[in-house]
Amino acid sequence: MAAGCRIAQRRVSLGDPHDCTDATDQLTILRALCDTLVTRAGQGFGPGLATGWDVSADARRWRFALRAHHRFHDGAPCDATAVAQSLRRMARPDKGYTLGAPGVWRQYLGDARIEPVDDVTLSIDLAEPLADLPDILEHGFIVAPDCLARWDRGEDAEIVGSGPYRVTRRTQDMVAAARVPGHFADAPHDEVTWIAAPDADARFAMLRDGTVDVANDLAARDAGGAAITLHDYLSPVAIIFLLNAARGPLADPRLRRALGLAIDRQRIVDEVLSGRARPLHGFVSPVHFGAPPAEPMPHDPALARSLIADAGLAGGLVLGVDCPSSLPDEAQRLTQALRDQLAEVGVTLDVHVHTQREDYAHMVRRKEIRDMCVFDSSPLSTFRVLHEKIDARVAGSWWQGYRNTRVEDLLDAARREVGDTVRATHYARAYAELQEDPPWLTLYNPARTIGLAGSHPGFAMPADGIIDVTALPRVLSSAPRPA
C-alpha cells in the first residue's frame, strides 16, 4: 500500500490562488499543488520553478531562469509563457483580494512588464525599484492556462498546478493529493490528505489514536505518554492595536509612546494566553528580515504618566477602542487585560465590540476606527509591512494616519538596495525609529504547537509557520492505522 500522510487542521477550504491570503491552512495546500518562482528559505529565498535569477543594480530589471521541460498536472507545458500568464492574472485589479483589502498584488506588479524571453527565461521589468520582489513572488502561484481560462469564464474548476502533488479527491472536509513523480521537490509521501477538524482537542485525539499523522495548531498540553512529537514554534503574526494617528488624542506621538510604556507585555501574555506567546517589542517579529535582536521595551508607568501630563491630559485620558469578537479569538479578553493595565496610568478605554469580522475589516480599511482597534500584522516581509501599513505616501488599507519621513526614506533606500546585508541595515534603522515613534501598540507573537506521530526530535517548522509537506519526515509512525 502506498505510504501516505494525513494532516488534521482547522479547515481545508481552497480559494482562488491569485487572491491574497495569510491563512496557513490554505497556503500549505496551495504550496503542495502549485509551484512558485521562488521559495522561502529562512529569511531569504531559494529556487522554485526558477533555478536562479539576476537583478539589475537599480532593482528594476529581473530575469529568471526556469526549469526546462516542466509540466502542469494536465500535461500542458509550464514554460515562461504560462508563468507570465499566471503572474499577470495575479496583478489584475480584481485579484489579490484579501479580507478588506482589494488588489494587494497590483500595487507591486500592476505596472510591470512580465514577458517570456524564451521558453525557459522570464523577464520582469518593474516601474519602480523593488529589491524585495521575491517577497511578492513567493505568493505567485503558477496555475495551468486552461484552468485560468475556465475560472475567468465563471466555470468551476479544480486547481491545476505544477507542484509536487495533484488533487485526486475533494470533499467539503477533505482534500487528497497524489505525489507527482519526478517533481524537483522530491516529495516524501505518495499521498497527502488534509482533513478539516475545527476543534483543537479533536485534532489532538485524531493524532493520538492514529487517525492522522500530523495535527496542527494544538492547544498547550503534553503528549501524555503517547508516541507522538509535540513541537512548539513562534508564529510571525504580530498581535497589535492599530492607533489612529490621523485624528484624536493618538495623533500626538507622546501619547502613542505612553501606551507602549504603560503596559507589561509579559503580564498580558500570561493572563490572556497562559504564557503561549512571546512579547513583541518591535513592529515585526524576530524572524523577519532585518529585525535586530529586540531589546525589551521598558515597562515604565511613571514615564507614561509623565508623557500623558506633557500632552496636557494629566487629569485623565479616554480612548475609544474597536474590538472584534474573533480573529484573534482572544480579542475581547486581550482588550479587558489592556483596559486593566492602562487604568493604572489614568487611561480609560471605551470599548465597542464588533461581531461581523468582515465588516470590521472594511471599517478599518476605510479608516473609520475610533482611537485604536485590535488587529494583526501577518506578512513575513519587512518591506510589505512598511509599504502597506506604515508609509503615508501609499496610505494602504491598514494605514491609520501615521507619518514619519525618516522611516519612508529608509524604505526608499531599501527598495533600491539589492545587497541583502545593506538592505537589512536599512530595515534595522527603520525598526529603531519605530521604537521611538510607534505607529501601533505592539503586544505579542503567538506560540503554536504541531504534533507528529512518532519521534522526530530534529523536526522544525518553517519560519512562516506554514507546513511544508515536502519537508515532513518520510516515516511518521510505525503504528497501525485505523481502517
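What counts and how
Numbers given for residues are sequential positions, taken from 1 along each chain in its written order. Local features in this predicted model are restricted to residues whose pLDDT is 70 or higher, and side-chain atom pairs enter the listing and the counts only when it is 80 or higher, whereas totals over whole chains, interfaces and linings include all residues. The side-chain values count all of the structure's non-hydrogen atoms but skip hydrogen atoms and water molecules. A run of H or I in DSSP counts as a helix once it spans at least four residues, and a run of E counts as a strand once it spans at least two, with each numbered from the N terminus. We compute the radius of gyration from the C-alpha atoms alone; for a globule the expected value is 2.2 Å times N to the 0.38, where N is the number of residues. By definition in these notes, contact holds between two residues if any of their heavy atoms fall within 4.5 Å. By definition here, a helix of n residues has an expected span of 1.5 Å times n minus one. Partly exposed residues are those whose accessible area sits between 20% and 50% of the maximum for their type, while under 20% is buried and over 50% is exposed, using a 1.4 Å probe and protein chains only. Here the arc refers to the directions that run from the helix axis out to each C-beta atom. For every element, the axis is a line fit to its C-alpha atoms; helices are fit only across the contacting stretch, and the angle between N-to-C directions ranges from 0 to 180 degrees. Under this scheme an angle from 65 to 115 degrees is roughly perpendicular, one under 35 degrees roughly parallel, and one over 145 degrees roughly antiparallel; angles in between are oblique. By definition, turning the near helix anticlockwise from the far helix through less than a right angle yields a left-handed crossing, and turning it clockwise yields a right-handed one. Three classes are used, and their members are as follows: Ala, Val, Leu, Ile, Met, Phe, Trp, Tyr, Cys and Pro are nonpolar, Asp, Glu, Lys and Arg are charged, and the others, Gly among them, are polar. Any pair of Phe, Tyr and Trp rings, taking the six-membered ring for Trp, is counted once the centres come within 6.5 Å. Such a pair is stacked with planes under 30 degrees apart, edge-to-face with planes over 60 apart, and tilted for the rest. Put simply, a charge is over a ring when the Lys NZ or the Arg CZ is close to the ring centre, within 6 Å, and near the line of the ring normal, within 35 degrees. In protein, a polar contact means a hydrogen-donor-capable atom and an acceptor-capable atom, both N or O and within 3.5 Å, with residues adjacent in sequence counting only if both atoms are side-chain atoms; elsewhere, any N or O pair within 3.5 Å suffices. Only buried residues count toward a nonpolar core. Its members are Ala, Val, Leu, Ile, Met, Phe, Trp, Tyr and Cys residues joined through side-chain atoms within 4.5 Å. At least two bridges found by DSSP between two strands are what make those strands a pair. Seen with its strands pointing away from the viewer, a crossover is right-handed if its path from the first strand over the helix to the second goes clockwise. A pair is scored as a salt bridge if a Lys or Arg side-chain nitrogen falls within 4 Å of a carboxyl oxygen belonging to Asp or Glu.

### Here's the deal with the overall build of the chain
Then step 1. When helices and strands are tallied, the chain shows 14 helices and 18 strands.
Then step 2. The C-alpha atoms of the chain give 23 Å as radius of gyration, which agrees with the globular expectation for 483 residues (23 Å, within 12%).
Then step 3. With the C-alpha coordinates of the chain rotated into their principal frame, the extents come out at 70 × 55 × 40 Å.
Then step 4. Considering only contacts within the chain whose residues lie at least 6 apart along the sequence, 70% involve residues at least 24 apart.

### What to know about helix α10 (residues 331-343)
Then step 1. If you check α10, its first and last C-alpha atoms are 18 Å apart, about what 13 residues at 1.5 Å a residue would give, namely 18 Å.
Then step 2. Within α10, the full set of buried residues consists of Ala331, Leu334, Thr335, Ala337, Leu338, Gln341 and Leu342. The buried side chains of α10 occupy one side of the element, clustering within an arc of 160° when seen end-on.

### Some remarks on unusual backbone geometry
Then step 1. The omega torsion across leucine 327 and proline 328 is 0°, close enough to zero to call that bond cis.
Then step 2. For serine 274, which is not a glycine, the phi torsion comes out positive at approximately 50°.
Then step 3. With respect to the helices and strands, the residue serine 274 is situated in the loop between α8 (265-273) and β14 (277-279).
Then step 4. By relative accessible area, serine 274 is classed as exposed at 65%.
Then step 5. Positive phi values are uncommon outside glycine, yet alanine 395 reaches one of about 50°.
Then step 6. Tracing the sequence through the fold places alanine 395 in the loop between α12 (382-390) and α13 (405-416).

### Here we look at the packing of α8 against α10
Then step 1. It is at 10 Å that the axes of α8 and α10 come closest, and there the two elements cross at 140°. Our classification of the angle between α8 and α10 gives oblique. Along this stretch, α8 crosses α10, giving a crossing that reads as right-handed. On the side of α8, the interface is formed by Arg267, Ile268, Glu271 and Val272, while α10 contributes Arg333, Leu334, Ala337, Leu338 and Gln341.
Then step 2. Residues belonging to the contact of α8 with α10 are distributed by class as follows: five nonpolar, one polar and three charged.

### Overview of the packing of aromatic side chains
Then step 1. A complete count under the given rule lists six aromatic pairs for this structure.
Then step 2. Note on tryptophan 62 and phenylalanine 64: the rings are 6.1 Å apart at their centroids and 10° apart in plane angle, and the pair reads as stacked. In this structure, tryptophan 62 and phenylalanine 64 share a single accessibility class: buried.
Then step 3. Between phenylalanine 283 and tyrosine 431 the ring centres are 5.6 Å apart and the planes differ by 55°, which places this aromatic pair in the tilted class. Here phenylalanine 283 is found in the loop between β14 and α9 (301-310), whereas its partner tyrosine 431 is found in helix α14 (residues 420-436), with 148 residues between them in sequence. Assigned by exposure class, phenylalanine 283 and tyrosine 431 land together as buried.
Then step 4. By the ring-pair criterion, three or more aromatic residues cluster together here, those being Trp53, Trp62 and Phe64.
Then step 5. The ring centre of phenylalanine 184 lies 3.8 Å from the NZ or CZ of arginine 67, which sits over that ring.

### Section: the side chain of threonine 229
Then step 1. With respect to the secondary-structure elements, threonine 229 resides in strand β12 (residues 228-234).
Then step 2. In this structure threonine 229 comes out as buried when scored by relative accessible area, which is 14%.
Then step 3. Within polar-contact distance, the side chain of threonine 229 engages the backbone nitrogen of histidine 456 at 2.9 Å.
Then step 4. Leave out the neighbours within four places in its chain, and threonine 229 touches Ile450, Gly451, Leu452, Gly454, Ser455 and His456.

### Here we look at the nonpolar core
Then step 1. In terms of nonpolar packing, the biggest core is built from 138 residues, with Leu37, Phe64, Ile124 and Met372 touching the most fellow members.
Then step 2. Apart from the residues within four sequence positions on either side, phenylalanine 64 is in contact with Leu37, Val38, Ala50, Gly52, Trp53, Val120, Thr121, Leu122, Ile124, Leu133 and Leu137.
Then step 3. Among the nonpolar cores identified, the runner-up in size contains twelve residues, and Met206, Leu218, Ala226 and Ala453 belong to it.

### Brief notes about the pairing of strand β15 (residues 317-324)
Then step 1. Within β15, seven of the eight residues are buried, which leaves the element mostly enclosed by the surrounding structure.
Then step 2. In terms of strand pairing, β15 meets strand β16 (residues 347-354) through eight bridges, oriented parallel. Bridging from a neighbouring strand, aspartate 322 pairs with histidine 352 of β16.
Then step 3. You can see the chain leave β15, run along α10 and come back into β16, and the turn it takes is right-handed.
Then step 4. With two bridges connecting them, β15 and strand β17 (residues 372-377) associate as parallel partners.

### Observations regarding the sheet that holds strand β7 (residues 121-125)
Then step 1. Read from one edge to the other, the open sheet built from four strands follows the order β4-β5-β7-β6, with strand pairing classed as antiparallel. In this open sheet, the two edge strands, each paired with only one partner strand, are β4 (50-55) and β6 (113-118). Recorded for the sheet is a direction-independent mean angle of 20° between the axes of neighbouring strands.
Then step 2. Sheet analysis places strand β5 (residues 61-66) next to β7, joined by five bridges and oriented antiparallel. Pairing of phenylalanine 64 across the sheet is with leucine 122, part of β7.
Then step 3. The strands that helix α2 (residues 80-90) touches are β5, β6 and β7; relative to β6, the one it contacts most, it runs at about 175°.

### Describing the environment of glutamate 158
Then step 1. Note on placement: glutamate 158 falls in the loop between α5 (145-152) and β8 (165-171).
Then step 2. For the pair glutamate 158 and threonine 168, spaced ten residues apart in sequence, the C-alpha to C-alpha distance is 10.0 Å.
Then step 3. Once residues within four sequence positions are removed from consideration, glutamate 158 is found in contact with Cys147, Trp151, Val167 and Arg170.
Then step 4. Here arginine 170 takes part through its side chain, which lies 3.0 Å from a polar atom of the side chain of glutamate 158.

### Brief notes about the pattern of salt bridges
Then step 1. All told, the structure shown has 34 salt bridges when counted by the stated rule.
Then step 2. Arginine 31 is the partner of glutamate 138 in a salt bridge, and the nearest nitrogen-oxygen pair spans 3.2 Å. With a gap of 107 residues between them, glutamate 138 in the loop between α4 (133-137) and α5 and arginine 31 in helix α1 (residues 24-33) connect regions that are remote in the sequence.
Then step 3. What makes glutamate 138 buried here is its relative accessible area of 5%.
Then step 4. Shared partners join several salt bridges into a network, and the residues in it are Asp16, Arg89, Arg92, Asp94, Lys95 and Asp152.

Purely geometric numbers; function is a separate question.
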